[in-house]
Amino acid sequence: MTSQPPDLDVVRASYDRVADNYVAMGMGDLGPTPWLRAALTAFAEQVRDLGPVLDVGCGPGTVTGFLSGLGVDVSGVDLSPRMVSNARRLHPGLRFAVASATELEPAEASLGGVLGWWSLFNLPRDVLPGVLVSFARGLVPGGQLLLGTHVGDGDVPRTEAYGDVPVSWTTYLWRPEQLTVLLGDAGLEPVAELRLPPPLPGLRDQVLLAARRPGLSTG
């Protein structure tokens, strides 16, 4: 079992508080982000015939719904019950559950893909590697992990978010080369890397990394 972050319950409560504002503000809307849509489309093309896909930290299900529309057998999990409630309301035909990334222990070679779409940056630096190992183990040979996050150095405490709602969480920043090492240590090999400038003034550079479990798919 992956070690649990000490602030897990505090982070969960924070996301519960911001969930409705997050939806109302249209956060995560893929409409203005053609490069991100393209990356998701490429991911879908490569994994949809390999098995089910798990969207970890799915929020209100925006990306889950996008992948489903591309023919992917996808379900979502999120730490926040309120986020999951919104996801079920907005995407009633899809499957969503409440769970932390650190609680997931997918069966060996049971998934065609795993998505961490700007959803793992709250995991402490000593916790993320174990989570990636768990995800890698769950992939079938040829299955892929797609990981997006904020680029930088250091740890950024947050006290308000999404309409000045009080929150308490830490954003752990990573350099792409650091994440590439972590993915390699988890047993995955690189597929693609997409670096993007800040989506809005005052935000940070973004990176999206795709990595695969070596071996030939049996699908």
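Refer to the structure above for everything that follows.
Read on for a plain summary of the structure.

Cut-offs used in this document
- Every chain is numbered on its own, with residues counted from 1 as its sequence reads.
- Residues qualify for local features only when their pLDDT is at least 70, as the model is predicted, and side-chain atom pairs are given and counted only at 80 or more; totals for whole chains, interfaces and linings, by contrast, use all residues.
- In computing side-chain values, all of the structure's heavy atoms are included and hydrogens and water are not.
- A run of H or I in DSSP counts as a helix once it spans at least four residues, and a run of E counts as a strand once it spans at least two, with each numbered from the N terminus.
- Here the radius of gyration uses the C-alpha set of atoms, whereas the globule reference equals 2.2 Å times the residue count to the power 0.38.
- In this description, accessible areas are obtained by the Shrake-Rupley approach with a 1.4 Å probe, and a residue is regarded as covered only by the protein chains that are shown.
- The positive count covers Lys and Arg only, the negative count covers Asp and Glu only, and His and the chain ends enter neither.
- Every charge is mapped to an atom, namely NZ of Lys, CZ of Arg, CG of Asp or CD of Glu.
- Burial here depends on accessible area, computed with a 1.4 Å probe over protein chains only, as a share of the maximum for the residue type. Under 20% is buried, over 50% is exposed, and the range in between is partly exposed.
- We count a salt bridge whenever a side-chain nitrogen from Lys or Arg sits within 4 Å of a carboxyl oxygen from Asp or Glu.
- Residue contacts follow a heavy-atom distance rule, with two residues in contact if any of their heavy atoms lie within 4.5 Å.
- Paired rings are identified among Phe, Tyr and Trp, the last through its six-membered ring, by centres lying within 6.5 Å, and are further divided according to the angle between planes into stacked (under 30 degrees), edge-to-face (over 60) and tilted (the rest).
- Ring-over charges, as used throughout, are those where CZ of Arg or NZ of Lys falls within 6 Å of the ring centre and within 35 degrees of the ring normal.
- Pairing between strands is defined by DSSP: at least two bridges between them are needed.
- As a rule, the C-alpha atoms of each element are fitted with a line to give its axis, helices using only the stretch in contact, and angles between N-to-C directions run from 0 to 180 degrees.
- Residues are sorted three ways: Asp, Glu, Lys and Arg are charged, Ala, Val, Leu, Ile, Met, Phe, Trp, Tyr, Cys and Pro are nonpolar, and all the rest, Gly among them, are polar.
- To estimate the expected span of a helix, subtract one from its residue number and multiply by 1.5 Å.
- Summarising the geometry, the arc corresponds to the directions from the helix axis toward the C-beta atoms.

1. Some details on the overall build of the chain
Thought 1: Secondary structure assignment for the chain yields six helices and nine strands.
Thought 2: The C-alpha atoms of the chain give 16 Å as radius of gyration, which agrees with the globular expectation for 219 residues (17 Å, within 12%).
Thought 3: Summing over all exposed atoms, the chain offers an accessible surface of approximately 9,900 Å²; the carbon and sulfur share of this is 56%.
Thought 4: Here the chain holds 16 positive side-chain charges and 23 negative ones, and the gap between their average locations is 3 Å.

2. A few points about the side chain of D55
Thought 1: Relative to the assigned elements, D55 resides in strand β1 (residues 53-56).
Thought 2: Nearest to the buried, unbridged D55 among oppositely charged side chains is R95, at 11 Å.
Thought 3: Apart from the residues lying within four places of it in its own chain, the contact partners of D55 are V63, T64, V74, S75, G76, V77 and L115.

3. Some words on the packing of aromatic side chains
Thought 1: Tallied over the entire structure, the rule returns three aromatic pairs.
Thought 2: Taken together, a centroid distance of 4.2 Å and an interplanar angle of 0 degrees make the contact between Y15 and W169 stacked. With Y15 in helix α1 (residues 8-24) and W169 in strand β7 (residues 165-172), this pair connects stretches of sequence that are 154 residues apart.
Thought 3: Here the aromatic rings of W117 and W118 are separated by 5.0 Å at their centres, their planes lie at 80 degrees, and the arrangement is edge-to-face.
Thought 4: Taking the relative accessible area as the measure of exposure, W117 reaches 13% and is therefore buried.
Thought 5: Given a relative accessible area of 16%, W118 falls into the buried group.
Thought 6: Sitting over the ring of W174, R125 keeps its end group 4.7 Å from the ring centre.

4. With respect to the pattern of salt bridges
Thought 1: Tallied over the full model, the rule gives seven salt bridges.
Thought 2: D20 is paired through a salt bridge with R82; the nearest N and O atoms lie 2.8 Å apart. Placement of D20 in helix α1 and of R82 in helix α4 (residues 81-90) is noted, with a sequence separation of 62 residues between them.
Thought 3: Residue D20 is classed as partly exposed on the basis of its relative accessible area of 38%.
Thought 4: The partner of R125 in a salt bridge is D155, and the shortest N-O contact between them spans 2.8 Å. Of the two residues, R125 is situated in the loop between β4 (111-117) and α5 (128-138) and D155 in strand β6 (residues 155-161); the sequence distance between them amounts to 30 residues.
Thought 5: The class of D155 is partly exposed, set by a relative accessible area of 44%.

5. Notes on the sheet that holds β1
Thought 1: Pairing in this open sheet of seven strands is mixed, and the strands run β3-β2-β1-β4-β5-β9-β8 from one edge to the other. Both outer strands of the open sheet, β3 (95-98) and β8 (189-196), are each paired with one neighbouring strand and no more. The sheet shows a mean angle of 15 degrees between the axes of neighbouring strands, direction not considered.
Thought 2: Of the pairings in the sheet, the one linking strand β2 (residues 74-78) to β3 comprises four bridges and is parallel in character. Paired with S75 across the strands is R95, a residue of β3.
Thought 3: Contacting β5 (139-150), β8 and β9 (206-212), helix α6 (residues 176-185) runs over the sheet at an angle of about 20 degrees to β9.

6. Here we look at the packing of α1 against α4
Thought 1: One way to put it is that α1 packs onto α4 with a least axis distance of 7 Å and a crossing angle of 35 degrees. Facing α1, whose interface residues are R12, Y15, D16, A19, D20, Y22 and V23, α4 presents P81, R82, M83, N86, R89 and L90.
Thought 2: Residues of the contact of α1 with α4, tallied by class, amount to seven nonpolar, one polar and five charged.

7. Thoughts on helix α2 (residues 34-47)
Thought 1: Between its first and last C-alpha atoms α2 spans 20 Å; for 14 residues at 1.5 Å apiece the expected length is 20 Å, and the two agree.
Thought 2: Those residues of α2 that sit buried are L36, A39, L40, F43, A44 and V47. The buried residues of α2 occupy an angular sector of 140 degrees when the element is viewed end-on, so they sit on one face.
Thought 3: For α2, the elements touching its buried residues are β1, α3 (62-69), β4, β5, β8 and β9.

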